[in-house]
Amino acid sequence: MVHAPGEVPSTGEDDDDYPAGEFLPESDGALLAVLEGMSTPVTVDEVADTLVEPAQPSIETWAVVHERLHADRLPSLDASGAIEFDEAQGLVERTPPHPSEAGRFAATVLTAISIGFLLVSIGLVSISVLIA
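So, a few notes on the structure that sits alongside this text. Everything numeric here is computed off the predicted structure, so don't read it as measured data.

With that settled, consider unusual backbone geometry. With omega at 10 degrees, the peptide bond leading from T40 into P41 counts as cis. Structurally, the position occupied by P41 is in the loop between helix 1 (28–36) and strand 1 (42–43). Note the cis peptide between E53 and P54, where omega equals -5 degrees. Mapped onto the elements of the fold, P54 is located in the loop between helix 2 (44–52) and helix 3 (59–80). For Q56, which is not a glycine, the phi torsion comes out positive at approximately 50 degrees. Counting through the fold element by element, Q56 comes out in the loop between helix 2 and helix 3.

Ranked by internal contacts, the top residues of the largest apolar core, which has 21 residues, are L35, V65, L69 and L74. Among the secondary structure elements, those contributing two or more residues to this core are helix 1, helix 2, helix 3 and strand 2 (83–86). Sorting elements by how many residues they give to this core places helix 3 first, with 6 residues. Ignoring anything within four residues of it in the chain, the contact list for V65 reads A20, F23, L24, A48, L51 and V52.

This part covers the sheet that holds strand 2. Hydrogen bonds between backbone atoms are what pair the strands of a sheet, whose relative direction is either parallel or antiparallel. Strand order in the open sheet formed by 3 strands is 1-3-2, and the pairing between neighbours is antiparallel. Two strands close off the open sheet at either side, each with one partner strand: strand 1 and strand 2. As judged from the 2 bridges shared by strand 1 and strand 3 (residues 91–94), these two strands associate in the antiparallel manner. Each bridged residue has a counterpart across the sheet, and for V42 the counterpart in strand 3 is V92. Docked against the sheet, helix 3 engages strand 2 and strand 3, running at close to 135 degrees with respect to strand 2.

If a strand is regular, its side chains alternate between the two faces of the sheet. Where strand 2 and strand 3 come together, 4 bridges link them in antiparallel fashion. In the sheet register, D86 faces strand 3, and the bridge partner there is L91. Hairpin connection from strand 2 to strand 3: 4 residues lie between these consecutive antiparallel strands, with G90 at a positive phi of about 70 degrees.

The rules we used
- Residues numbered from 1 in each chain as written.
- Predicted model: local features only at pLDDT ≥ 70, side-chain atom pairs only at ≥ 80, totals over all residues.
- Heavy atoms only, no water.
- Helix = DSSP H or I, 4+ residues; strand = E, 2+ residues; numbered from the N terminus.
- Core = buried A, V, L, I, M, F, W, Y, C linked by side-chain atoms within 4.5 Å.
- Buried < 20%, exposed > 50% of the residue type's maximum accessible area, 1.4 Å probe, protein only.
- Contact = heavy atoms within 4.5 Å.
- Pairing = 2+ DSSP bridges.
- Axes fitted to C-alpha atoms, helices over the stretch in contact; angles between N-to-C directions.

Quick look at the structure:
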């Protein structure tokens, strides 16, 4: 059976019962974990292959997994900024990490600790000079 590009093959069954659902991660976080385990950039084909391995389902099931990734899941992750997805080329790349609030907080704490040590050192040197 041949399907038009962008058309998810109809199974005649509820999509939740279709075998492709077994291979697609339920959450975006789980899909991101799969992508993080891959060396990017990767193609949608490679992502689909990774998700269905080692089961080797029918080509129709693989095609549904591929189409759902390409038409729905990957564009959704791209829109959220979690990945960069080029729909025309079918390429997925992880988004470079942005400095997080936690990272900035850690730098601020490190700076405060350094200044504290400096002040303590100056205080100790001053006391030793006064005593001597």
